[in-house]
Amino acid sequence: LSGLTLKTAQAAKSKYGAKVWIERGSVHVVEQKRILESILGSNLKITIPAWAIERELETYELADRIVVPSAHVAESFYQQGFNPNKIFINPYGVNLKDFPVTSKPKNSKPTLIFVGGWTFRKGCHLLSQILAQDPEIQLIHVGSQGDCPFPTTPNFTTAGHILQTQLFQLYAKADILLLPSFEEGMSLVMAQALASGVPIVVSPKSGGNDLLKILSPTQAIKIIPELNLEQLRKAIREQLEFASTQKGTRDLLGEKRELLSWTHSARNYLQKIESEFQIASTEYKELGNSK
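Residues numbered from 1 in each chain as written. Predicted model: local features only at pLDDT ≥ 70, side-chain atom pairs only at ≥ 80, totals over all residues. Heavy atoms only, no water.

Quick look at the pairing of strand β4 (residues 111-115)
- Within β4, five of the five residues are buried, leaving the element largely enclosed by the surrounding structure.
- Side-chain alternation along β4 places Thr111, Ile113 and Val115 on one buried face and Leu112 and Phe114 on a second face that is also buried.
- As paired strands, β4 and strand β5 (residues 138-142) are joined by five bridges and run parallel to one another. Counted as the bridge partner of Val115 is Val142 from β5.
- Taken together, β4, helix α5 (residues 124-133) and β5 form a β-α-β motif whose crossover is right-handed.
- Here β4 pairs with strand β7 (residues 176-179) via two bridges, running parallel. Along β7, the bridge assignment pairs Ile113 with Leu177. (Buried < 20%, exposed > 50% of the residue type's maximum accessible area, 1.4 Å probe, protein only. Helix = DSSP H or I, 4+ residues; strand = E, 2+ residues; numbered from the N terminus. Pairing = 2+ DSSP bridges. Right-handed = clockwise from strand over helix to strand, strands pointing away.)

What follows is the structure, encoded as structure tokens:
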């Protein structure tokens, strides 16, 4: 994992001549710092310590391959001058057994769900404004409170932390899932919700575009064109209209369901590793013959 493996990776390279692949779940740390410090509506400065940035940058340079979960994360590395051949895009998956298809809920009011830390980074201040302006909308939060204050309106409830194996029970109560993140590599909750039959509204910086490409064509994924209050409100309204057309069992994935599994993600990883290994095997074989 980037930022956590510098000394270990250095030792592996030095002692064994190892090839080092690192996982980076978010955008390039320089771009991440810029985004966090520019989030509108935040009443505090969100930043990354200088020592953490330095360690990230050292790890990027040391790595033979940087593995990222989405195209927009890869693009942030290209913009910093990285060779595309050094970047491997492999979207995350979901344990499909933990997130079975659910039935359409019989809600008296439109019910939204947000899963994750209640933070400015995830656009929760925008959600608070949406709830204050539209009392007819209900929102269920699952997770902890981060740096963003909880809404004080009665149409907000938080379930706190729950076991992942029980999370589908709350997805079953929701009409749509919201994720207006300003910066996120690929949130696992998107695939969880889709597997459970819940349409999603997500930002362009969530990894949602990659899921849309995998599952296309589909109306289940609504990407907010520009992350602001007006566009978020419009996307919610449009996706609630789509959700209202669902009947009975909500199967959004059909035959494409397996494409969101960890098995599919692992298969992509193994194919890439095998490709790299074949090249390395040839090199070592030639080295052995030369001796």
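Having put the structure on the table, let's press on.
Notes on the packing of helix α7 (residues 188-196) against helix α8 (residues 208-215)
- Here α7 crosses α8 at 40°, and the two axes come no closer than 10 Å. As for how α7 packs across α8, the hand of that crossing is right-handed. When α7 is examined against α8, the residues Met190, Ala191 and Leu194 are found in contact with a partner set consisting of Gly208, Leu211 and Leu215.
- When its residues are assigned to classes, the contact of α7 with α8 shows five nonpolar, one polar and no charged. (Axes fitted to C-alpha atoms, helices over the stretch in contact; angles between N-to-C directions. Left-handed = near helix turned anticlockwise from the far one by under 90°. Contact = heavy atoms within 4.5 Å. Nonpolar A, V, L, I, M, F, W, Y, C, P; charged D, E, K, R; others polar.)

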